[in-house]
Amino acid sequence: MAGRQSGKALRMLCAAAFLSTLAACAGQQSTDVPLDTMTAEQIYKRGEFLLEDKKAKKGEALTYFQEVERLYPYSEWAKRALIMQAFTLHKFKKYEEARAAAQRYIDFYPGEEDAAYAAYLLALSYYDQIDEVGRDQGLTYQALQALRVVIEQYPDSEYAKSAELKFELAFDHLASKDMEIGRYYLKRGNYTAAINRFRSVVQDFQTTTHTAEALHRLVEAYLALGLNDEAQTAGAILGYNYQSSPFYDDSFRLLKSKGLAPEAKGTSWLSAIYRQMIKGKWL
């Protein structure tokens with residue numbers, strides 16, 4: 001009985017070893033078979049598999065997508081492979097190359113359904129770099145332009161809503177940078193430079209979350225320069241639009257401490273904004 005059991009176990013071990021060897025050979029063939037002997041679909045699906053395989057080398061999938069386009073340039077699979085190139089490059093943060101691939105897709109296949117996704121990927125390749133560029137806002141402006149393309153040219157696509165949200169966040173990001181620099185100047189007594197930054201927020205980014213603070217900082221900066229009319233007008237705009245804001249409370253107290261009140265005075269750029277605002281025409 002013991003002999004029969006040990007013999008059976010040995011046969012099972014041999015069978016398992018044989019199956020393991022076959023599996024290894026199959027895996028070897030999937031990567032060693034010359035690509036020009038494979039169909040476009042086979043190469044494409046190999047790229048898809050490697051993209052999901054956590055053990056695969058970074059960029060290995062990209063090679064297969066590129067080979068589909070090279071070996072079968074006019075096939076339906078080449079079209080799919082090109083959009084996957086853009087996706088893969090973006091995934092691995094090769095943003096400039098991702099933009100180039102996405103743009104090529106838009107240029108070659110403008111009427112295809114995936115053109116909307118290509119435009120979205122192109123915009124993302126700018127948007128995802130926003131936090132990496134420090135004070136250089138060039139990529140933020142480019143992200144806004146690219147996101148606007150998605151919103152305006154593909155309004156019915158599944159990417160339009162996401163593009164709108166990211167557009168608002170990128171827009172807010174620009175305003176936050178102006179606020180950051182404006183605060184820096186204000187703390188160091190460089191009031192004119194600070195006013196220029198806060199003015200930009202009020203005039204150019206008035207729909208963002210930073211407008212109330214920008215108006216309050218204008219009150220501070222103008223009072224520091226002795227420009228009371230401008231300070232009072234900034235306070236009046238703040239009170240008209242953001243009376244429940246803590247920034248209005250701070251501005252009101254600051255003006256009151258100087259014997260002033262938040263009211264429109266003078267003929268400055270703020271007075272023009274105030275007049276337009278009262279008429280319901282915000283700049």
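For the structure, see preceding data.
**With respect to empty space enclosed by the protein**
Considering all chains together, one arrives at one cavity of 30 Å³ or more under this definition. In this structure, the largest cavity encloses a volume near 30 Å³. Every residue along the wall of the largest cavity is listed here: K58, G59, L62, T88, L89, F92 and K94. Among the residues forming the lining of the largest cavity, the class breakdown is three nonpolar, two polar and two charged.

**Thoughts on the nonpolar core**
Counting 52 residues, the largest nonpolar core has Y44, F65, V68, I83 and Y105 as its most contacted members. For this core, the elements supplying multiple residues, two or more each, are helix 2 (40-52), helix 3 (60-71), helix 4 (76-91), helix 5 (95-108), helix 6 (115-127), helix 7 (138-153) and helix 8 (160-187). Looking at which element gives the most residues to this core, the answer is helix 6, with 12 residues. Those residues in contact with Y44, other than ones at most four positions away along the chain, are F65, V68, W77, R80, A81 and M84. One finds M179, L223, L238 and W269 within the second-largest nonpolar core, a separate group that totals 26 residues.

**Description of unusual backbone geometry**
One non-glycine residue, K93, adopts positive backbone phi at about 65 degrees. Locating K93 in the fold gives a position in the loop between helix 4 and helix 5.

**Section: the packing of aromatic side chains**
A complete count under the given rule lists 10 aromatic pairs for this structure. Between the aromatic rings of Y248 and F252, the centroid separation amounts to 6.1 Å while the plane-to-plane angle is 45 degrees, which identifies the pairing as tilted. One end of the pair is Y248 and the other is F252, both in helix 12 (residues 246-257) and four residues apart, which spans about a single turn. Note on Y248: relative accessible area 11%, which makes it buried. Grouping aromatic residues by their ring pairs yields a cluster made of Y44, F65 and W77. Here the guanidinium or amino end of R80 rests over the ring plane of W77, the centre of that ring lying 4.3 Å away.

What counts and what doesn't
Residues numbered from 1 in each chain as written. Predicted model: local features only at pLDDT ≥ 70, side-chain atom pairs only at ≥ 80, totals over all residues. Heavy atoms only, no water. 1 Å grid on protein atoms, 1.4 Å probe; cavity = no way out; pocket = protein on both sides within 12 Å on 5 of 7 lines; lining within 4 Å. Points joined across faces, edges and corners; volume = space filled by probe spheres on them. Nonpolar A, V, L, I, M, F, W, Y, C, P; charged D, E, K, R; others polar. Core = buried A, V, L, I, M, F, W, Y, C linked by side-chain atoms within 4.5 Å. Buried < 20%, exposed > 50% of the residue type's maximum accessible area, 1.4 Å probe, protein only. Helix = DSSP H or I, 4+ residues; strand = E, 2+ residues; numbered from the N terminus. Contact = heavy atoms within 4.5 Å. Phe/Tyr/Trp six-rings, centres within 6.5 Å; stacked < 30°, edge-to-face > 60°. Lys NZ or Arg CZ within 6 Å of the ring centre and 35° of its normal.

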